[in-house]
Amino acid sequence: MNADLRTSKIPTVMVLARAWRFFLFAGLLAVVLTGCATSPPADDPDAVAEFKQTNDPLEPTNRVFYAVNNGLDTVILRPAAQAYRFVVPGRVRTGIHNVLSNLNTPTQLSNDIMQGKPRRAGDTTMRFLINSTVGLVGIFDVATDWGYPNHDTDFGLTLANWGVPDGPFLFLPVLGPSNPRDAVGFGVDIAQDPFTWVGNANTQQIFNWTRFGLNALDSRERYLDPVEQIKKTALDPYATFRSLYRQHRQGDIKALHDDNRATIPVWFPQAQSEANPVQKR
Amino acid sequence: MFERRMFLLAGLSAMPLLAAAPALADTNGDRAAAFIKTTSDLILGAMRGAGSAEERRRILGPIIDKSLDVDGLAKFCLGRFWRTATPDQQQRYTAVFHQVLIGNITSKLGEYQDVRLTIGRSKQQDDVDLVSSSVERPNNPPTTVDWVVADAAGNPKVIDVVAEGTSLRLTQRQDYASYLTHNNNDVDKLIDAMRQQLTQ
């Protein structure tokens with residue numbers, strides 16, 4: 001039995017777990033080598049307040065990973081995304097994006113339920129049913145036109161909704177900006193995704209790596225212009241990405257928290273208050 | 001029977017009043033929304049007409065000066081370093097900030113040729129008005145952009161733009177703060193770096 005055959009029998013989860021063990025080790029090594037951010041002197045209260053607000057005690061290490069990711073992005077992901085944009089027509093790219101998004105609906109539904117958001121769970125269920133059938137395995141997003149809009153969610157947001165704080169900023173290898181809460185959420189989302197577990201080891205591995213690769217291409221292609229713009233206009237791109245990531249997550253958490261649409265069906269007489277309008281996104 | 005008809009009539013006659021009520025209650029918000037509408041129409045119109053980046057810059061400059069609180073933004077973005085900066089530094093910084101801002105907006109708008117902006121509802125929060133809008137571009141999902149409008153001496157001015165929950169001025173402030181922390185809190189170095197950006 002050769003080595004290739006042996007590794008192909010290992011489920012994707014195990015490969016990811018191994019990769020993560022490696023990155024964890026690399027991360028610890030980087031912390032030891034680069035140290036932590038030094039707190040400003042206590043006689044400068046403004047600087048101390050800013051240091052606390054930035055909440056990035058591992059900044060030197062994070063910056064190392066930012067540089068590594070940036071290098072990998074420049075030589076691999078960015079050119080690949082540019083080629084993807086150049087070769088694949090816009091409509092086909094949208095179709096691929098829709099299929100990927102449809103594959104994510106089981107995880108999304110599970111999170112909607114755990115967040116205690118019945119209307120979001122309803123949207124997700126209807127999206128899955130409509131787009132998987134009428135939308136031809138998810139290629140066409142018919143559900144949005146029919147009044148079931150998409151929303152971003154993940155286990156990091158579920159934890160946030162349960163009141164778990166985000167913790168210090170982390171810049172993770174390959175995954176990019178994060179924090180302990182969202183990193184845990186990323187792992188849980190892989191574990192609770194049914195596609196991680198169904199099928200025999202071989203097809204599962206091919207399917208999941210293809211999906212992972214396409215997801216990376218798809219999201220990088222979507223961010224080609226904004227990332228370019230940020231790198232061009234920011235004096236400290238690392239700090240800018242850190243700020244944007246935090247604000248974006250805060251925005252998602254707030255949208256999730258404020259989404260308290262009534263569960264009464266539209267045809268049933270209902271009292272609509274200003275605080276609880278029927279939301280359309 | 002008669003009573004019921006009277007009731008209906010009374011109800012019908014009250015309807016126009018009800019319809020007018022929200023408009024009366026939120027005149028400030030409406031004014032802010034109208035201001036964003038005029039300004040965005042002006043900017044998008046100018047972008048369609050202009051050819052080169054230089055031309056866009058020339059046309060957009062006056063519009064930005066009129067509709068954006070540039071000095072206020074400059075001060076906000078320097079954050080705690082504004083107080084420690086000398087008046088001379090403040091002045092040089094504000095001048096270069098002005099140019100950087102116009103440059104950034106022009107190059108940013110250059111990507112948005114076929115953009116459509118739909119103004120949504122507006123609401124008052126503390127002493128500012130928030131005007132929400134939806135920006136649509138071909139092949140892209142619509143993005144939510146909120147405009148924060150403040151009253152500066154009787155004239156409405158944009159003091160912040162919040163795209164998908166990310167505030168433009170806060171991001172800029174944190175960028176400058178980080179740069180300054182890594183450069184001995186030296187405002188002159190920041191000004192040099194910003195000048196450098198202009199020449200690129």
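Worth saying up front: this structure is predicted, and the values here are computed from it rather than measured.

Novice: I would appreciate a short explanation of helix H7 (residues 168-181) of chain B in the present structure.
Specialist: Side chains of residues three or four places apart in an α-helix project in the same direction, reflecting 3.6 residues per turn. Under the 1.5 Å per step criterion, the end-to-end length of H7 of chain B is 20 Å for 14 residues, consistent within 8% with the ideal 20 Å. Measuring from the backbone nitrogen of Arg169 of chain B back to the side-chain oxygen at the start of H7 of chain B gives 3.4 Å, which picks out Ser167 of chain B as the cap.

Novice: Just to check I follow, could you spell out the packing of aromatic side chains for this structure?
Specialist: The way to describe two aromatic rings as a pair is by their centre distance and the angle between their planes. Throughout the structure, instances matching the rule amount to twelve aromatic pairs over all chains. Here the aromatic rings of Phe155 of chain A and Trp162 of chain A are separated by 5.8 Å at their centres, their planes lie at 90°, and the arrangement is edge-to-face. Ring centres of Phe171 of chain A and Tyr238 of chain A lie 6.4 Å apart, and the angle between their planes is 45°; this geometry places the pair in the tilted category. Remark: Tyr238 of chain A occurs in helix H13 (residues 237-258) and Phe171 of chain A occurs in strand S1 (residues 170-172); sequence separation between them is 67 residues. Neither Phe171 of chain A nor Tyr238 of chain A differs from the other in exposure class; each is buried. Grouped by ring-pair contacts, the aromatic residues Tyr66, Phe169, Phe171, Tyr238, Phe241 and Tyr245 of chain A constitute a single cluster. Positioned above the aromatic ring of Phe76 of chain B is the side chain of Arg169 of chain B, whose terminal nitrogen or guanidinium carbon lies 4.0 Å from the ring centre. Sitting over the face of the ring of Phe76 of chain B, Arg173 of chain B holds its NZ or CZ atom 4.2 Å from the ring centroid.

Novice: Even after reading the chapter, I still don't get the environment of Leu101 of chain B, so can you show me in this structure?
Specialist: All names here are of chain B. Residue placement: Leu101 occurs in helix H6 (residues 87-110). When the C-alpha positions of Leu101 and Lys123 are compared, they lie 27 Å apart, and in sequence the two are 22 residues distant. If near-sequence neighbours (up to four positions away) are discounted, Leu101 is found in contact with Leu68, Val70 and Leu73.

Novice: I tried to follow the pattern of salt bridges on my own but got confused; where do I start?
Specialist: Note that side chains of opposite charge can pair when their charged atoms are close. Residue and element names in this part refer to chain A. Scanning the entire structure with this criterion turns up 22 salt bridges over all chains. For Asp259, the salt bridge identified is with Arg120, shortest N-O distance 2.8 Å. With Asp259 in the segment after H13 and Arg120 in helix H7 (residues 118-133), this pair connects stretches of sequence that are 139 residues apart. Assessed through its relative accessible area of 4%, Arg120 is described here as buried. Taking the shortest distance from any N to any O, the salt bridge between Asp218 and Arg222 comes out at 3.5 Å. Taken together, the residues Asp218 and Arg222, both in helix H11 (residues 201-222) and four residues apart, mark about one turn of the helix. Asp218 gets classed as buried once you look at its relative accessible area, which sits at 4%. What makes Arg222 partly exposed here is its relative accessible area of 26%. It is possible to trace a salt-bridge network through shared partners that takes in Asp56, Glu59, Arg63, Asp236 and Arg242.

Novice: When you look at the confidence of the model for chain B in this model, what are you seeing that I'm missing?
Specialist: The predicted coordinates should not be examined in detail at positions where pLDDT is low. All names here are of chain B. In this model, chain B carries an average pLDDT of 77, and 82% of its residues clear a pLDDT of 70 or more. Of all the helices and strands in chain B, helix H1 (residues 2-25) carries the lowest mean pLDDT, 43, while H7 carries the highest, 89. Taken as a whole, residues 1-25 scores under 50 in pLDDT and shows one contact with residues more than four places along the chain or in a different chain. For this predicted complex, the interface confidence score (ipTM) comes to 0.73, while the overall pTM stands at 0.77.

Novice: So what exactly am I meant to see when it comes to the sheet that holds strand S4 (residues 155-163) of chain B here?
Specialist: Residues and elements named next belong to chain B. Read from one edge of the open sheet, five strands run S1-S2-S3-S4-S5, paired in antiparallel fashion. Taken across any chain shown, the strands that pair with only one partner, and hence form the sheet edges, are strand S1 (116-125) and strand S5 (166-167). Summarising the sheet, strand S3 (residues 143-152) and S4 pair through eight bridges and their orientation is antiparallel. Looking across to S4, one finds that Trp147 is bridged to Val161.

Novice: Help me out: how do you make sense of the side chain of Ser133 of chain B in this one?
Specialist: Residues and elements named next belong to chain B. Residue position: Ser133 is located in strand S2 (residues 128-136). A distance of 3.0 Å separates a polar atom in the side chain of Ser133 from a polar atom in the side chain of Trp147. In contact with Ser133, not counting residues within four places along its chain, are Leu117, Thr118, Ile119, Gly120, Thr143, Thr144, Val145, Asp146 and Trp147.

Novice: Looking at this model, I keep getting lost on the interface of chain B and chain A. Mind explaining?
Specialist: Frequently, the measure chosen for interface size is the accessible area removed from exposure when the parts meet. The partner chain A presents 26 residues to the 29 residues of chain B that form the contact. Where chain B abuts chain A, roughly 2,200 Å² becomes buried across the two surfaces, and 43% of that area is made up of carbon and sulfur atoms. Linking chain B with chain A are zero salt bridges, by the criterion used here. Between chain B and chain A we count eleven residue pairs in polar contact (both at pLDDT 80 or more) in total. Looking at the side of chain B that touches chain A, its residues break down into nine nonpolar, 13 polar and seven charged.

Novice: Mind showing me how you'd approach the confidence of the model for chain A here?
Specialist: A residue-level look at chain A finds 82% of positions with pLDDT of 70 or above and a mean pLDDT of 81. Residue range residues 1-10 of chain A is modelled with pLDDT below 50. Its contacts to residues more than four positions away, or to other chains, number ten contacts.

Novice: Explanation requested: the nonpolar core in the structure shown.
Specialist: Note on soluble globular proteins: their nonpolar side chains tend to be buried together. Grouped together as the largest cluster of nonpolar side chains are 45 residues, with contacts concentrated most on Tyr93, Phe97, Tyr176, Leu190 and Met194 of chain B. At eight residues, helix H2 (residues 27-49) of chain B tops the list of elements feeding residues into this core. Residues Ile230, Ala234, Tyr238 and Phe241 of chain A belong to the second largest nonpolar core, which totals ten residues.

Novice: How should the side chain of Thr233 of chain A be read in this particular structure?
Specialist: Along the chain, Thr233 of chain A falls in helix H12 (residues 224-233). Other than its neighbours up to four places away in sequence, Thr233 of chain A contacts Asn104, Asp175 and Gln197 of chain B.

Thresholds, definitions, all that
Along each chain, residue indices are assigned from 1 in the same order as the chain's sequence is written. Written order determines the labels here, with chains lettered from A and ligands numbered from 1. Selection of residues for local features in this predicted model requires a pLDDT of at least 70, selection of side-chain atom pairs for listing and counting requires 80 or more, and totals for whole chains, interfaces and linings are taken over all residues. The basis for the side-chain values is all heavy atoms of the structure; hydrogens and waters are excluded. Counting from the N terminus, the helices are DSSP H or I runs at least four residues long and the strands are E runs at least two residues long. One less than the number of residues in a helix, times 1.5 Å, gives the span that helix is expected to have. Here a polar contact is recorded for every N or O atom pair within 3.5 Å, except that within protein the pair must consist of a potential hydrogen donor and a potential acceptor, and residues adjacent in sequence are included only if both atoms are side-chain atoms. Pairing of aromatic side chains requires ring centres within 6.5 Å, counting the rings of Phe and Tyr and the six-membered ring of Trp. Pairs whose planes differ by under 30 degrees are stacked, by over 60 edge-to-face, and all others tilted. Only protein chains enter the area calculation, which uses a 1.4 Å probe; residues under 20% of their type maximum are buried, those over 50% are exposed, and those in between are partly exposed. We count a charge as sitting over a ring when the NZ of a lysine or the CZ of an arginine lies within 6 Å of the ring centre and within 35 degrees of the ring normal. Any two residues whose heavy atoms approach within 4.5 Å at even a single point are treated as in contact. Salt bridge, as used here, is a side-chain nitrogen of Lys or Arg placed within 4 Å of a carboxyl oxygen of Asp or Glu. For every residue, the pLDDT score states the predictor's confidence, bounded by 0 at the bottom and 100 at the top. By definition, two strands form a pair when at least two bridges between them are found by DSSP. The term buried area refers to how much accessible surface (probe radius 1.4 Å) is lost by two components on association, counted for both of them together. Residues are sorted three ways: Asp, Glu, Lys and Arg are charged, Ala, Val, Leu, Ile, Met, Phe, Trp, Tyr, Cys and Pro are nonpolar, and all the rest, Gly among them, are polar. By nonpolar core is meant a set of buried Ala, Val, Leu, Ile, Met, Phe, Trp, Tyr and Cys residues that side-chain atoms within 4.5 Å join together.

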